[in-house]
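If you want the building blocks of each chain, they are given just below.
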Number of protein chains: 2
Amino acid sequence: MALKVALLGCGVVGSEVVRLLDEQSSELAARTGTPLEIGGVAVRRLGRARGTGVPPELFTTDAMSLVTRDDIDLVVEVIGGIEPARSLILAAIKAGKSVVTANKALLAEDGATIHTAAREAGVDVYYEASVAGAIPLLRPLRDSLAGDRVHRVLGIVNGTTNYILDRMDGLGAGFTESLEEAQSLGYAEADPTADVEGFDAAAKAAILARLAFHTEVTAADVHREGITEVSAGDIASAKAMGCVVKLLAICQRSADDASIGVRVHPVMLPREHPLATVGEAYNAVFVEAESAGRLMFYGAGAGGAPTASAILGDLVAVARNRLANTSVAEGEEDSALPVHPMGETITSYHVALDVADRPGVLAGVAEVFAGNGVSIKNVRQEGLGGDAQLVLVSHPAPDAALSRTVTQLRARDDMVRAVASVMRVETFSDIR
Amino acid sequence: MALKVALLGCGVVGSEVVRLLDEQSSELAARTGTPLEIGGVAVRRLGRARGTGVPPELFTTDAMSLVTRDDIDLVVEVIGGIEPARSLILAAIKAGKSVVTANKALLAEDGATIHTAAREAGVDVYYEASVAGAIPLLRPLRDSLAGDRVHRVLGIVNGTTNYILDRMDGLGAGFTESLEEAQSLGYAEADPTADVEGFDAAAKAAILARLAFHTEVTAADVHREGITEVSAGDIASAKAMGCVVKLLAICQRSADDASIGVRVHPVMLPREHPLATVGEAYNAVFVEAESAGRLMFYGAGAGGAPTASAILGDLVAVARNRLANTSVAEGEEDSALPVHPMGETITSYHVALDVADRPGVLAGVAEVFAGNGVSIKNVRQEGLGGDAQLVLVSHPAPDAALSRTVTQLRARDDMVRAVASVMRVETFSDIR
């Protein structure tokens, strides 16, 4: 007996799902144990029906009736956004359907509601496609590392910003110019806010942190800075240090294991770090775990076919569970670690200052660092006279102390002409 | 009610498993849904009991009685090798226990017997630790890519040989010297045969091919060449081409989809390939799938803690399945693609020839290629006079035709003084 799939949304990803369900039907049936069949496709306007190969009578604009229909076993949601996706998913769960979704925004905002509903109804909610597209990442984090302790996750989880930063690094181009190129090539949208301001990456960071640390995290818990202020000068400063600039989602356990920090911001990363070589619009996630050590997952982070691949993998899993009358409960978050504010996160800063080249300036700058309890790891002076630049890298310190240091340096116009570049630096942690 | 685990073997990996089961017991219980408890540890000699923290009365030399004991739910096998591991695993399965194993040799030689027995008994056999240590790889291949079609898998799956080749590349050192260094650092064993002759990688290739292509593959099906003949000259030749030399396990679908090729041999790989940057004893596996595109999984391939991390991840999964009264059937290999012989595999060769520097030699060499139906992609001459070297890279062709070409060139002492270097070249396939 075939399992019937309701598909919500039939855009770029949805139509790929339709295509693969058709083209790979015999392989999917073999791997699942039974055929998977499209029972209906909900779209906003019926014009969408054309060209997908789905019989026109399967299309409907009444998504709510579709997801609660008795003969539907599994629901695939690829419409995105909070509503109506949330109401539809909750109705499907309540009606006993398992759900596969790519909806990062919803999971990051209200994942707890979804997971609790699924647990109570005894159905599955799988969402591999919501972070890093086709890269098998969420289930490895949840399942394969279930017996390990994750210390830190560093992820390039937004392809648009990685493409832009890669162009800035490779060509010495500025942000605006690189964004325009990304837009003309279809890597960035006409309104690039969600990508370049880090909202997209922040949603993914919340999902990753929840899985890595088994604790509830929402997008609102994530400290977020985008890449719009990254300048060609920052990139050049990074190069001079043997680093590249990447927009990273960072989820990290505090040293005392009592809390976690979750943040998205540009980072200077040493070129020998495996994430540093991730170019173009690729995604990659670097995981540091106590026993497993350093792991990296790399691949395409977006696109119709890669996203559909992740969805079909999930679909096979929930279908198998359905046949076996079981489900994978999630959402009983056992560790309940609080998320600490950004100011308490331990980071390192790279600071480049345009300074007056006269005796006493280095001493004065060093005093500002010391006054905030921040020690300096290395310092070098570049240029001479009016063009002198002082480049300092701090030892790890609470972000608030570092941020206060920079504010005070900006105010010291007796020695600092301008703060030319400020960026956090990440390196390897002690994990092998 | 706790689930009881029988541990077979208590060496480097086994004692890490014991340590983690103890240290992480509350997290493991939360993720599993019930505590995991050691019910017994089988060792060859009871002296092993010391220092593991396991109560001495739990140790036994009677592994067979342990795995069939009524109160045991799950069996972890880390003794390795074919026997007695196979008999113990089969007895455990028959007695209704689920099994977690790191035994690549057994799975590559006789996986079908194990999987069939597990299917019939309705129990799980999980084996993430058998390939690429801590890297979550096998379950992603099996589960996350279940809805996709894998075209090719390229893997650095042996840390010892990667360390040796990395040293040869970095220092220009020879094979013997690099092997000795690896031995002195503990990266290579006193008898390095299994690693340097490719036996270890071949077993892993068989396991990867089976999961990637859903067909039965054993170690005997794998074409195997080690790295003992890789010379400093080969490495230099690779460098001149912008390549590195890596020992790769390659599992590839034929162009007509009718068969697969599975092989382990040294390869020249372009430096811009993500696998080229994998240094030291790290492992990484690069997967090309139809919809997902290019994926890479990177991490520690061996060591007690990384291997134990993979085992615990599996243990949580089989324990959850046990609690849910389900199991993941494997071994009904649906595609049954035959493995074609190496001669039919499509490869490219890099050939460096010491030649007499006189008119007509290039024409003569080119004729030998053409006579075997092999076309030349590029050719360059290095040096002059007595030291002239002709370096040719072929277009893809059946390996048998390429191999025959080299044999005929060796026999042509009228123009070829010596075949200085022969190595296969791999690049990206057409998959994005």
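Throughout, a residue's number is its position along its own chain's written sequence, starting from 1. For naming, the first written chain is A and the first written ligand is 1, with later ones following in the order written. Where local features are concerned, this predicted model is filtered to residues with pLDDT of at least 70; where side-chain atom pairs are given and counted, the filter is 80 or more; whole-chain, interface and lining totals use all residues. Derived side-chain values reflect all non-hydrogen atoms in the structure, with water molecules and hydrogen atoms excluded from consideration.

Just so we agree on the cut-off: UniProt positions are given in the numbering used here, feature names are shortened, and annotations may be inferred rather than shown by experiment.
In the annotation of an unreviewed UniProt entry, the entry for chain A reads Homoserine dehydrogenase, and the organism field reads Actinorugispora endophytica. Per its UniProt entry, chain A bears the Sequence similarities (unreviewed entry) comment "Belongs to the homoserine dehydrogenase family." Quoted straight from UniProt, the Cofactor (unreviewed entry) entry for chain A says "a metal cation".

## A closer look at the overall build of chain A
To keep it simple, the criterion reads: Helix and strand definitions here come from DSSP, where helices need a minimum of 4 consecutive H or I residues and strands a minimum of 2 consecutive E residues; each element is numbered from the N-terminal end. The globule rule is 2.2 Å times the number of residues to the power 0.38, and the radius of gyration it is compared with is taken over C-alpha atoms. Whether two residues are in contact is decided by their heavy atoms, any of which lying within 4.5 Å being enough. With residues, only the protein chains shown are counted as cover, and all accessible areas are computed by Shrake-Rupley using a 1.4 Å probe. For the charge count, each Lys or Arg is scored as positive and each Asp or Glu as negative, with His and the chain ends excluded. One atom stands in for each charge, and that atom is NZ of Lys, CZ of Arg, CG of Asp or CD of Glu.
Along chain A, the regular secondary structure elements total 14 helices and 17 strands. Radius of gyration (C-alpha) of chain A: 24 Å, near the 22 Å computed for a compact globule of 432 residues. Viewed in the frame of its principal axes, chain A has a C-alpha envelope of about 85 × 45 × 35 Å. Sequence-distant contacts in chain A: of pairs separated by 6 or more residues, those separated by 24 or more amount to 73%. Entry remark: accessible area of chain A is about 16000 Å², with carbon and sulfur atoms responsible for 50%. Positive and negative side-chain charges in chain A, numbering 38 and 56 respectively, have mean positions lying 1 Å apart.

## Side note on the interface of chain B and chain A
Interfaces are frequently sized by the accessible area removed from exposure as the parts join. Formally: Buried area is understood as the total, over both parts, of accessible area removed when two parts are fitted together, assessed with a 1.4 Å probe. In what follows, salt bridge is the name for a side-chain nitrogen of Lys or Arg lying within 4 Å of a carboxyl oxygen of Asp or Glu. We define a polar contact as two N or O atoms separated by no more than 3.5 Å, with the added condition that, inside protein, one atom must be a possible hydrogen donor and the other a possible acceptor, whereas residues neighbouring each other in sequence contribute only through side-chain atom pairs.
Facing 47 residues of chain B, the contacting portion of chain A comprises 46 residues. Carbon and sulfur atoms supply 50% of the area buried between chain B and chain A, which totals about 3900 Å² over both sides. One can count 4 salt bridges joining chain B with chain A. The salt bridge partner of Arg149(A) is Glu27(B), with a shortest N-O separation of 2.7 Å. In this structure, the connection of chain B to chain A is made through 14 residue pairs in polar contact (both at pLDDT 80 or more). Among the elements of the structure, helix H1 (12-23), helix H2 (25-32), helix H6 (138-144), strand E11 (282-289), strand E12 (293-300) and helix H12 (304-323) of chain B are those that each provide at least two residues to the side of chain B that touches chain A.

## A short note on the relation of the copies chain B and chain A
Quick note on the threshold: All copies are superposed by least squares; the fitting set is the C-alpha atoms of residues with a pLDDT of at least 70 in both.
When chain B is fitted onto chain A, the two copies agree to an RMSD of 0.1 Å after a turn of 180° and an axial shift of 0.0 Å. On the angle and the small slide along the axis, the relation comes out as a two-fold axis. Residue Phe297(B) of chain B places its C-alpha closer to the rotation axis than any other residue of that unit, at 2.4 Å. Comparing interface residues between copies, 98% of those in chain B also lie at the interface in chain A; the contact surface is shared.

## Some words on the domain arrangement of chain A
Residue and element names in this part refer to chain A. Put simply, the rule is: Where each domain begins and ends is defined by an automated method or by a domain database. Here the nonpolar group is Ala, Val, Leu, Ile, Met, Phe, Trp, Tyr, Cys and Pro; Asp, Glu, Lys and Arg are the charged ones; every other residue, Gly included, is treated as polar.
Assigned domains of chain A: these are domain 1 (3-134 + 304-323), domain 2 (138-300) and domain 3 (343-425). One C-alpha centre belongs to domain 1, the other to domain 2; they are set 28 Å apart. Between domain 1 and domain 2, the residue contacts involve 18 residues of the former and 19 residues of the latter. Summing the contributions of domain 1 and of domain 2, the shared interface buries around 1400 Å²; its carbon and sulfur component is 60%. The largest contributions to the domain 1 side of the interface with domain 2 come from Ala-108, Tyr-127 and Val-131, which together make up 36% of the buried area. Connecting domain 1 to domain 2 are 2 salt bridges. A salt bridge links Lys-104 to Asp-200; the nearest nitrogen and oxygen atoms lie 3.2 Å apart. At the boundary of domain 1 with domain 2, the tally comes to 10 residue pairs in polar contact (both at pLDDT 80 or more). Elements supplying a minimum of two residues to the side of domain 1 that touches domain 2: helix H5 (104-121) and helix H12 (304-323). Take the side of domain 1 that touches domain 2: its biggest share by element is 6 residues, from H5. The class makeup of the residues in the side of domain 1 that touches domain 2 is 10 nonpolar, 4 polar and 4 charged.

## A look at the packing of aromatic side chains
To keep it simple, the criterion reads: Planes of paired rings set the category: under 30 degrees apart is stacked, over 60 is edge-to-face and the rest tilted, where pairs are Phe, Tyr or Trp rings (Trp by its six-membered ring) whose centres lie within 6.5 Å. Using a 1.4 Å probe on the protein chains alone, a residue whose accessible area is under 20% of its type maximum counts as buried, one over 50% counts as exposed, and one in between counts as partly exposed. For a Lys NZ or an Arg CZ to count as sitting over a ring, it must be within 6 Å of the ring centre and within 35 degrees of the ring normal.
If you walk through the whole model with that rule in mind, you get 5 aromatic pairs over all chains. Between Phe297(A) and Phe297(B), the aromatic rings sit 6.2 Å apart at their centres with planes inclined by 75°, giving edge-to-face as the arrangement. With Phe297(A) in strand E12 (residues 293-300) and Phe297(B) in strand E12, the pair connects residues from two separate chains. In this structure, Phe297(A) and Phe297(B) share a single accessibility class: buried. The ring of Tyr126(B) has Arg142(B) sitting right over it, with the charged end atom 4.9 Å from the ring centre. The ring of Phe199(B) has Arg224(B) sitting right over it, with the charged end atom 3.8 Å from the ring centre.

## Observations regarding the UniProt feature "binding site: L-homoserine" (unreviewed entry) in chain A
Residues and elements named next belong to chain A. On the UniProt side, "binding site: L-homoserine" (unreviewed entry) is annotated at positions that read Glu-189 here. Here Glu-189 is to be found in the loop between helix H8 (175-184) and helix H9 (193-196). Classification of Glu-189 by relative accessible area gives exposed; the value is 56%.

## Looking at the UniProt feature "active site" (unreviewed entry) in chain A
Residue and element names in this part refer to chain A. With numbering aligned to this structure, UniProt lists the feature "active site" (unreviewed entry) at Lys-204. Note that Lys-204 resides in helix H10 (residues 199-213). Here Lys-204 is in contact with Lys-104, Ser-130, Val-131 and Val-157, once residues within four sequence places are set aside.

## What about the pairing of E11(B)?
Residues and elements named next belong to chain B. Put simply, the test is: Two strands make a pair as long as DSSP finds a minimum of two bridges between them.
With 8 of 8 residues buried, E11 lies mostly within the body of the structure. Residues of E11 alternate between two faces, with Tyr-282, Ala-284, Phe-286 and Glu-288 on one and Asn-283, Val-285, Val-287 and Ala-289 on the opposite face, all of them buried. Where strand E7 (residues 150-156) meets E11, 6 bridges bridge the pair, whose relative direction is antiparallel. If you follow Val-150 over to E11, its bridge partner there is Ala-289. Pairing between E11 and E12: 8 bridges, direction antiparallel. Within the sheet, the bridge partner assigned to Asn-283 lies in E12 and is Gly-299. Connecting the antiparallel pair E11 and E12 is a turn made up of 3 residues.

## Comments concerning the packing of helix H7 (residues 159-171) of chain B against helix H8 (residues 175-184) of chain B
Residue and element names in this part refer to chain B. Put simply, the rule reads: Axis definition: a line fitted to C-alpha atoms, limited for helices to the stretch in contact. Angles are taken between N-to-C directions and run from 0 to 180 degrees. For classification purposes, an angle smaller than 35 degrees is called roughly parallel, one larger than 145 roughly antiparallel, one from 65 to 115 roughly perpendicular, and anything else oblique. Crossing chirality is assigned from the near helix's rotation relative to the far helix, an anticlockwise turn below a right angle marking it left-handed and a clockwise turn marking it right-handed.
For the pair H7 and H8, interaxial distance at closest approach is 9 Å and the crossing angle is 125°. As the angle between them shows, H7 and H8 are arranged oblique. Two packed elements cross with a definite hand, and for H7 against H8 that hand is right-handed. Here Tyr-163, Ile-164, Arg-167, Met-168 and Leu-171 of H7 come into contact with H8, specifically with Phe-175, Ser-178, Leu-179, Glu-181 and Ala-182. Looking at side-chain class alone, the contact of H7 with H8 contains 7 nonpolar, 1 polar and 2 charged residues.

## Focus on the side chain of Lys246(A)
Residues and elements named next belong to chain A. Among the structural elements, Lys-246 can be located in strand E9 (residues 243-253). Buried charged residue Lys-246 carries no salt bridge. Nearest counter-charge: Asp-166, at 4.7 Å. A distance of 3.1 Å separates a polar atom in the side chain of Lys-246 from a polar atom in the side chain of Asn-162. Of note is the side chain of Lys-246, whose polar atom sits 2.7 Å from the backbone oxygen of Val-278. With residues up to four places along the chain from it excluded, the contact list for Lys-246 reads Ile-156, Asn-162, Leu-165, His-265, Pro-266, Val-267, Leu-269, Leu-275, Ala-276 and Val-278.

## Remarks on the sheet that holds strand E6 (residues 125-126) of chain A
Residues and elements named next belong to chain A. The 6 strands are arranged E3-E2-E1-E4-E5-E6 in an open sheet whose pairing can be described as parallel. At either end of the open sheet lies a strand with only one pairing partner, and these are strand E3 (59-60) and E6. Here strand E5 (residues 98-101) runs beside E6; their pairing, made up of 2 bridges, is parallel. Looking across to E6, one finds that Val-99 is bridged to Val-125.

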